[in-house]
Amino acid sequence: MNLLPTLTEPRHFVLWERALFAALAGASAYGFWRRFGPILGRILQSKKDPDFRLFPITKRVRDFVWEVLLEAKVIRERPLAGVAHALVFWAFCVFALVTLNHCAAILGLGFLDPAGRVGRIYFAVAALFAIACAVAIACLFVRRFFVQPQWLGRLSWESGLIALLIFMLMATYLAAFFVAAPAGAVRALWWAHTLALLAFLPLIPHTKHLHLVLSPFSVFLSRGGFAQIPPLRGDEDFGLVAGKDLTRLVSLQAYSCVECGRCMEHCPANATGKQLNPKEIVLGLRGYLDEFGPASEEPLLGKYASQQAAFECTTCGACEFQCPVGIEHVPILVGLRRGAVNTGAWDDAYGAKLFLALEKGSNALGLSTTERDKFVEKNALSIFDGTQEYCLWLGCMGAYDPHGREIVLALVRIMRHLGTSFGVLRKEKCSGDPVRRLGNDFLFQQLAEANLDAMVQNRVKKIVSICPHCVRTIQEDWKEFGTPPEVEHHSEFLAKFASQLPSFQSQQKIVFHDPCYLGRYRNAYNEPRQVAALAGELVEAPRSRERSFCCGAGGGLAFLGEERGERVSHVRAAELAATGAEVIAAACPFCNTMFRDALAARGGGAPELMDIAQIAARRLPERNAG
Amino acid sequence: MKIVVAIKQVPNRDAPVRIAAGGKWIDESDLEWAMNEPDAHALEEALQLKEQHGGEVIVVSAGPERVAATIREALAKGADRGLHIVSDDLGARDALGVARLLAAVIKPENPDLVLTGLQSEDLGLGQTGVILAELLGLPHATLILHVEKTDAGLKVKRELEEGWFQSIDMSLPALLTMQSGGNKLRYATLMGIKRAKSKEMRAVSAAELGIELAPVVTLEQISAPKKQKSTQILSGSAKEAAAALVEKLKTEARVL
Ligand code: SF4
Ligand code: SF4
């Protein structure tokens, strides 16, 4: 026991010291509240989230433990900086008691005796954390000010000051183990520690360190469902039009941002020279709230965020997936689009064309439904009548796009080979994915309701689809208007039957591109790989699985005009080609078209592009009875 | 400016059109319905004029119950008021009969301008508009792409054949039949739909209007067009062939 070093505290405090401490602590708390009070006010004055449910709470608790207490997300996505940050955070947790005792001591209320058994052990453990924290903060300081990763944004003196204060806190604490006399020195150390502490407190709400206070709440209270778009409520809710539409969750998230730039680092739009930067979107909301407040009628798309940026988002969800403080960018971006589209403020020739095509017609490609009928007839696809196991959902791409059709036909061959019964709907409308993500709630409701109706009428129990966008929209987004049937993506279907499919172990190298709507949105990473691996050896792209880089088509962007800057699809296609793979395996008809064009632009020597269904069907006997 | 727009509900363009038993009309059971495209452009022109110069846009349509949906669509896009002439036998009326119905409700409105599509996508007679002008006693112009309000009245742009245009000054009141494609149609919005709920929509039956007139033109029989396929091979270098293709897509197929 006596081997443990002992912390030395001043034995007693004189009256003026106590008075000074009380005055400084009061000033410090005032400095904190002066900024924090109004922030809290703006969050609480925001509109209530109509769909907020605290329960089921288990997922919230799990996320909280995993993401906040264990810092698992921070560490996993940026290991070095993540560990350093975790050490600082854990030291803060341990120091909560130390600090409380430190302040209580001057009032004669100290509860941890440095010489006592418990106190000794606790202070020694805290000392270990203090050492780790001091080293970590020094490393982070070097990274911030000397390495300067660009996504952290411009340098700010506050960051430096905060790092210095944390370092001082740790150093003064540790020094107290070595300085036992004279009393003056002990006292000076105590005061130095106290002053650092009291200076730190008011800095929190004035800087990005506000996340210390808010991020535990933003993680715990987040909607939870990935990229989940909340329902609109009432006759005056058109999405995020003005401050009055910001909900408490959105406002809380806006103030929780720690400006780490992970979102922008992973954003395909930001990486290819678009105006959109998800971090600026979040900070823009904060700026808006600071200036106009949560009751304002001032449009949100204006001074702090541009309409153009909002419509450059592919809804790939990379930002939301990466954000360490639980900020949900996709509902925010889609919310801004809803505000613009539902009120008619968005004026875009391509967008209007898409909307008008779906107001009158059945598909996003604006083609005649007779084209679909012909395709169904020509390939003798039976019509779903409630007796078959699967309803094969064609989707716009599968029914109308030549390459999408090839994917469908590959899947059809496999299903026939396996003897799985299936049928297609006689009439099918667009699932509503592009209009949902572009924020057209009127059209989305129309399409979802018409399709849900067809599901009921045809007694559909289970759907299989080649399109991750349809799968997501049917499974999650339709819920707003009814109960959708169970949906499988064809990768999931094929993986179940992989053992019954002919495999062909060749030396051919295959790289699989994770579609955003299959990976991040649906957590299906292994199933498509299992299928692709039937025909060769899998290699991985530098950015794969959760970190996969978008093809550029999502969010309805496939239907909009030319992108500014570099094309997202070209960047990704180059990355996939650079793996040296002979085959690029896709699992989404949109990725497929995007890469087809991008690879064609690259010219000769480009890898072959195939959907996993085509890969799996390649070894099937040429003709099999339907 | 008080503008009346006469619109027609027609079978959706890619609806499966089948001839009904009896051979005098199409089988309506499996159809979806939409606003006649040239009428949609007439409505858009009216809305733009209102946005620039103020006033009121009133939508008039004749047909059975289902027509109400198309009127509501027009209200959602920005029209102020709807008039529905309920008539279940529109198919049996000729252009004069329909124009009389329309005239009966439009006349009391005393509009400054009446707009309608130059023809319907289903029957394509192209007469209702001009007859309506006659019945209302208004000057009219057809094939209009663009309307501009001037101090004296209107300046309109007509589309002639072969890429020729004609510009005309007109006085008000007047009736114009609008060509498709002169303006960009707006999409329907949630806000528009919600606001439309509180807009006035009045229904009158054809019988109430007291216009029961035997048609002067009667429909004998309808038949489906014969299918014919003509493949053309474009000759020349790839560049020339591509240029010829673009030209054909523009002028013949009219998809560009
Ligand atoms: S969803 Fe994707 S494209 Fe949109 S802001 Fe986030 S990272 Fe960028
Ligand atoms: S939104 Fe999240 S990921 Fe982006 S900078 Fe803020 S805290 Fe970091």
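Residues numbered from 1 in each chain as written. Chains lettered and ligands numbered in written order. Predicted model: local features only at pLDDT ≥ 70, side-chain atom pairs only at ≥ 80, totals over all residues. Heavy atoms only, no water.

## What to know about the overall build of chain B
Spelled out, the test is: A run of H or I in DSSP counts as a helix once it spans at least four residues, and a run of E counts as a strand once it spans at least two, with each numbered from the N terminus. We compute the radius of gyration over the C-alpha atoms and compare it with the globule rule, which gives 2.2 Å times the number of residues raised to the power 0.38. Throughout this description, buried means an accessible area under 20% of the type-specific maximum (1.4 Å probe, protein chains only), exposed means over 50%, and partly exposed covers the range between.
Across its full length, chain B holds 7 helices and 11 strands. Taking 256 residues into account, the globule formula puts the C-alpha radius of gyration at 18 Å, and chain B, at 20 Å, falls close to it. Dimensions along the principal axes, computed over C-alpha positions, put chain B at roughly 65 × 55 × 40 Å. Buried residues in chain B amount to 42% of all 256 residues.

## Focus: the site of ligand 1
Put simply, the rule reads: For this description, a residue counts as near a given molecule or strand if any of its non-hydrogen atoms is within 4 Å of it. Three classes are used, and their members are as follows: Ala, Val, Leu, Ile, Met, Phe, Trp, Tyr, Cys and Pro are nonpolar, Asp, Glu, Lys and Arg are charged, and the others, Gly among them, are polar.
In the vicinity of ligand 1, the residues found are A:Cys267, A:Pro268, A:Leu276, A:Pro278, A:Cys313, A:Thr314, A:Thr315, A:Cys316, A:Gly317, A:Ala318, A:Cys319 and A:Leu333. Its residues placed into classes, the shell around ligand 1 shows 9 nonpolar, 3 polar and no charged.

## Details of the packing of helix α1 (residues 15–45) of chain A against helix α9 (residues 248–256) of chain A
Residues and elements named next belong to chain A. Let me state the cut-off plainly: What counts as an axis is a line fitted to C-alpha atoms, over the stretch in contact for a helix, and the angles between N-to-C directions run from 0 to 180 degrees. For classification purposes, an angle smaller than 35 degrees is called roughly parallel, one larger than 145 roughly antiparallel, one from 65 to 115 roughly perpendicular, and anything else oblique. Between two residues, a contact is recorded if the distance between any of their heavy atoms is within 4.5 Å.
Relative orientation of the contacting elements α1 and α9 amounts to 150°, with a least axis distance of 8 Å. In terms of axis orientation, α1 runs roughly antiparallel to α9. Across from Arg35, Ile39, Arg42, Ile43 and Leu44 in α1, the residues of α9 making contact are Arg248, Ser251, Leu252 and Tyr255.

## A closer look at unusual backbone geometry
Cis geometry marks the peptide bond from A:Phe55 to A:Pro56, where omega comes out at 0°. Within the element layout of this structure, A:Pro56 appears in the loop between α1 and α2 (58–69). Look at A:Thr315: it is not a glycine, yet its phi comes out positive at around 55°. On the secondary structure map, A:Thr315 appears in the loop between α13 (307–310) and α14 (318–322). A relative accessible area of 1% places A:Thr315 in the buried class. For B:Leu143, which is not a glycine, the phi torsion comes out positive at approximately 55°.

## Considerations on the side chain of B:Thr177
Residues and elements named next belong to chain B. Note on placement: Thr177 falls in strand β10 (residues 174–178). Residue classification places Thr177 among the buried positions, given a relative accessible area of 3%. For Thr177, the residues in contact, after removing those within four places along its chain, are Thr116, Gly117, Leu118, Gly129, Val130, Ala141, Thr142, Leu143 and Ile144.

## Digging into the pairing of strand β5 (residues 81–86) of chain B
Consecutive residues of a regular strand have side chains that alternate between opposite faces of the sheet. Residue and element names in this part refer to chain B. Counted only if it meets this: In this analysis, strands are considered paired if DSSP registers two or more bridges between them. Here a crossover is taken to be right-handed if, once the strands point away from the viewer, the path from the first strand over the helix to the second is traced clockwise.
Among the 6 residues that make up β5, 5 are buried, leaving the element largely enclosed by the rest of the structure. Here 6 bridges tie strand β4 (residues 56–63) to β5, and the two strands are oriented parallel to one another. Within the sheet, the bridge partner assigned to Gly63 lies in β5 and is Val86. The β-α-β motif built from β4, the intervening helix α2 (residues 67–77) and the parallel element β5 has right-handed crossover chirality. Here β5 pairs with strand β11 (residues 200–205) via 6 bridges, running parallel. Residue pairing across strands places His84 opposite Ala203, the latter belonging to β11.

## Remarks on the nonpolar core
Worth spelling out the cut-off: Grouping buried Ala, Val, Leu, Ile, Met, Phe, Trp, Tyr and Cys residues that are joined through side-chain atoms within 4.5 Å yields what is termed a nonpolar core.
With 129 residues, the main nonpolar core has A:Tyr173, A:Trp346 and A:Phe355 as its most contacted residues. Here this core takes 9 residues from helix α5 (residues 117–147) of chain A, the largest share from any one element. Not counting residues within four places of it along the chain, the set of residues in contact with A:Phe355 comprises A:Val341, A:Trp346, A:Val435, A:Leu438, A:Asn440, A:Leu443 and B:Tyr187. Among the nonpolar cores identified, the runner-up in size contains 42 residues, and A:Ile407, A:Ala535, A:Ala613 and A:Leu620 belong to it.

## Quick look at the environment of A:Met594
Residue and element names in this part refer to chain A. Positionally, Met594 belongs in helix α26 (residues 589–602). On the accessibility criterion, Met594 (17% relative accessible area) is buried. Excluding its chain neighbours within four sequence positions, the residues that come into contact with Met594 are Cys551, Gly552, Ala553 and Ser569.

## Some details on the domain arrangement of chain A
Residue and element names in this part refer to chain A. To be explicit about the condition: What marks off one domain from the next here is an automatic or database domain assignment. Summed over both partners, buried area is the accessible surface (1.4 Å probe) that two parts give up on being assembled. We count a salt bridge whenever a side-chain nitrogen from Lys or Arg sits within 4 Å of a carboxyl oxygen from Asp or Glu. Any pair of N or O atoms that falls within 3.5 Å is considered a polar contact. Within protein, one atom must be able to donate a hydrogen and the other to accept it, and sequence-neighbouring residues count only if both atoms are side-chain atoms.
If you check the domain split of chain A, you get domain 1 (15–220), domain 2 (222–342), domain 3 (362–496) and domain 4 (501–624). The gap between the C-alpha centroids of domain 3 and domain 4 is 21 Å. At the junction of the two partners, domain 3 supplies 32 residues and domain 4 supplies 33 residues. Across the domain 3 to domain 4 interface the summed buried area is about 2,900 Å²; carbon plus sulfur atoms make up 69%. Between the two partners, domain 3 and domain 4, sit 1 salt bridge. Residue Arg522 pairs with Glu492 through a salt bridge whose shortest N-O separation is 2.9 Å. Taken together, domain 3 and domain 4 are joined by 8 residue pairs in polar contact (both at pLDDT 80 or more).

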